[in-house]
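# Close look at the chain arrangement
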Amino acid sequence: MRGFYALLCTLGFTIFCPSDIDKAREKGIRWLLKDRNEDWGWGMRSEAEAIIALQLAGGDCWYNPKRPSTVASVKEMNLVLLAAISNYPGLDTAAWFGGKLGQFINGLVSTCQDPANFYDHNLIELLMNQMNNFPKYYFNQNFAYSWAVLALCNSGAINETYYERLVDGAGNYTFGVDEAAISVIALSCVRNRTGAADVIPAINTGIQYILSNIKPDGSFGNQYTTGLAVQALYADNKSSRKQIKKKAQLTLVAHQQPDGSFGGVTAANQVLPALAGKLYADLGDIKICQKAPPPVTTTQAPPTTTTTPTQLTFTIQVVANIEGHSENQSYYVTVPIGSSLYDSMEILQKRVSDFSFKAKDTSLGHYITEINGISEDPDKRTYWQILRAPDTPLQVGVDGYIPKPRDVIIFRLSKY
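It should be emphasised that the depicted structure is a prediction, and the values quoted were computed from it without experimental measurement.

A word on the UniProt feature "domain: Transcobalamin-like C-terminal" (unreviewed entry) in the protein chain. The feature "domain: Transcobalamin-like C-terminal" (unreviewed entry), as given by UniProt, occupies residues 338-415 in the numbering adopted here. Structurally, residues 338-415 comprises 14% helix and 41% strand, and the distance from its first C-alpha atom to its last is 31 Å.

Another aspect to go through is the packing of aromatic side chains. Using the criterion set out here, one finds twelve aromatic pairs in the structure. Taking the centre distance of 5.8 Å and the plane angle of 15° together, the rings of Phe139 and Tyr145 count as stacked. Each member of the pair, Phe139 as well as Tyr145, carries the same accessibility label: buried. Ring pairs connect the aromatic residues Phe97, Phe134, Phe139 and Tyr145, which therefore count as one cluster.

Turning our attention to the domain arrangement of the protein chain. On domain assignment, one finds that the protein chain holds domain 1 (20-289) and domain 2 (311-415). In this assembly, 20 residues from domain 1 lie in contact with 14 residues from domain 2. Summing both partners gives a buried area of about 1300 Å² for domain 1 against domain 2, and 45% of it is carried by carbon and sulfur. On the surface where domain 1 and domain 2 come into contact, there are zero salt bridges. At the junction of domain 1 with domain 2, the criterion picks out two residue pairs in polar contact (both at pLDDT 80 or more). Listing elements by their share of the side of domain 1 that touches domain 2, those giving two or more residues are α6 (123-132) and α9 (176-194). Looking at the side of domain 1 that touches domain 2 residue by residue, the class counts come to six nonpolar, ten polar and four charged.

For side chains of opposite charge, pairing can occur when their charged atoms come near one another. One pass over the full model with this rule turns up nine salt bridges. When the shortest N-O distance is used, the salt bridge between Asp285 and Arg193 registers 3.2 Å. Residue Asp285 is located in the loop between α13 (265-275) and β1 (311-320), and its partner Arg193 is located in helix α9; the two are separated by 92 residues in the primary sequence. A residue is classified by how much of its surface remains accessible, and Asp285, at 43% relative accessible area, is partly exposed. Overlapping salt bridges, with partners in common, bring together Glu323, Lys380 and Lys415 in one network.

We now examine empty space enclosed by the protein. Unfilled space is identified by rolling a water-sized probe across the atoms. By the definition in use, this model includes two cavities of 30 Å³ or more. As for the largest cavity, its lining consists of Asp114, Pro115, Ala116, Ile124, Ser155, Thr313, Pro405 and Arg406. Two domains share the lining of the largest cavity, each providing at least three of its residues, namely domain 1 (20-289) and domain 2 (311-415). Lining the second largest cavity we find Leu166, Ala170, Tyr173, Ala180, Ser183, Val184, Leu187, Ala202, Ile203 and Gly206.

Procedures and definitions
- Within every chain, residues take consecutive numbers counted from 1 along the sequence as written.
- Side-chain atom pairs in this predicted model are given and counted only at pLDDT of 80 or more, local residue features only at pLDDT of at least 70, and totals for whole chains, interfaces and linings cover all residues.
- Side-chain measures here rest on the full set of heavy atoms in the structure, leaving out hydrogens and waters.
- UniProt positions are given in the numbering used here, feature names are shortened, and annotations may be inferred rather than shown by experiment.
- Helix and strand definitions follow DSSP, with helices as H or I runs of at least four residues and strands as E runs of at least two, each counted in order from the N terminus.
- Between the rings of Phe, Tyr and Trp (Trp by its six-membered ring), a pair exists once the centres lie within 6.5 Å; its type follows the angle of the planes, with under 30 degrees stacked, over 60 edge-to-face, and the other angles tilted.
- Burial classification: accessible surface area is computed with a 1.4 Å probe over protein chains only, and a residue below 20% of its type maximum counts as buried, one above 50% as exposed, and the rest as partly exposed.
- Domain start and stop points were drawn from an automatic or database domain assignment.
- Any two residues having at least one pair of non-hydrogen atoms within 4.5 Å are treated as being in contact.
- Accessible area that two parts lose when put together, evaluated with a 1.4 Å probe and summed over both, is termed the buried area.
- Salt bridge, as used here: a side-chain nitrogen of Lys or Arg that lies within 4 Å of a carboxyl oxygen of Asp or Glu.
- For this analysis, a polar contact is any N or O atom pair within 3.5 Å, provided that within protein one partner can donate a hydrogen and the other can accept it, and provided that sequence-adjacent residues contribute only side-chain to side-chain pairs.
- Any residue outside Ala, Val, Leu, Ile, Met, Phe, Trp, Tyr, Cys, Pro, Asp, Glu, Lys and Arg is labelled polar, Gly included; the first ten of those are nonpolar and the last four are charged.
- Method remark: on a 1 Å grid restricted to protein atoms, a set of points is classed as a cavity if a 1.4 Å probe fits but cannot get out and as a pocket if it is open with protein on both sides within 12 Å along at least five of seven lines; lining residues have an atom within 4 Å of a point.
- Grid points are joined across faces, edges and corners, and a volume is the space filled by probe spheres set on the points.

Laid out in structure tokens, this is it:
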């Protein structure tokens, strides 16, 4: 088929001709695959960076559980992480704290694995504990912190407690364009998955900072910086900036070495998604993972065995910003697979002191009347609307809806 398209191109059908940007992306993918070592990894704890680049630049289809070469690389990523956990159970070490763990969680999500149940390790809770201890080790600035936010967001476990640092820090970028760009990418993930409006001014601030640093040749600095900047511009995705993105992408093409490299695995991680018009915030939407492929097994791992997950993790968000209320809380909840939304709310109420709800039993099932002390009010025509983020109303009630992994379910006080 590729040869057929090549023939059409030579005959003058330019629609079938790959652009210089596409050619560079494909060449970069080939280099990255060729750069694997004898263990099918990339070494130096760079497996997650490489796999993220391949998943985003390869059109969501690099990972395939039926393709031995891709499974081998994913197994190596898992083994590297499991070995680290074996040596440092809390990953309380400079080599793994915060940003690096965030990268590996994103790598797991992009290959259809549940970081909340990674061989009986809950990496989401572990990462949250690290974020609660920010700053520590090299995890002391918003560039690394953004990787952690992306990990929670792509896993469906984000809440305001963990992303507000990026909102508050908008405009103060210690690492310049690089930090502004990855902050924008992380906050765009929050926007897309939760519908949170409070991140939009911070995203706009970051975009304006990036655009104010454009170079005469159309780049934003070196290939690392420009790759991140282009990803951020795709997160903003204004059609009026199409030429800005394309010109920046062409400067990335000029950085490519004859063998296809852009300077190493980290460079590939930042550049290849940008050439594909993708960004790290897309990792939670990899198409093959929506089809629930078989889990990756890692037979050489320390003594645990691969089992079918019995629990899933999702987020419940409570929003009430009308009639004088100012409630905006998010809760990360892990429940047995198959639990209804109502069952999940009961589990959350038992586990968390600052979440409560009331419901009345009707012929159609439970009807939510109050959350966190805020009741519906027929006189004021208010009720609790239930949405799947960002803004899709549920078509069934709390008894009929079965949460999915990484769901964000919003209870919003609304008017009728």
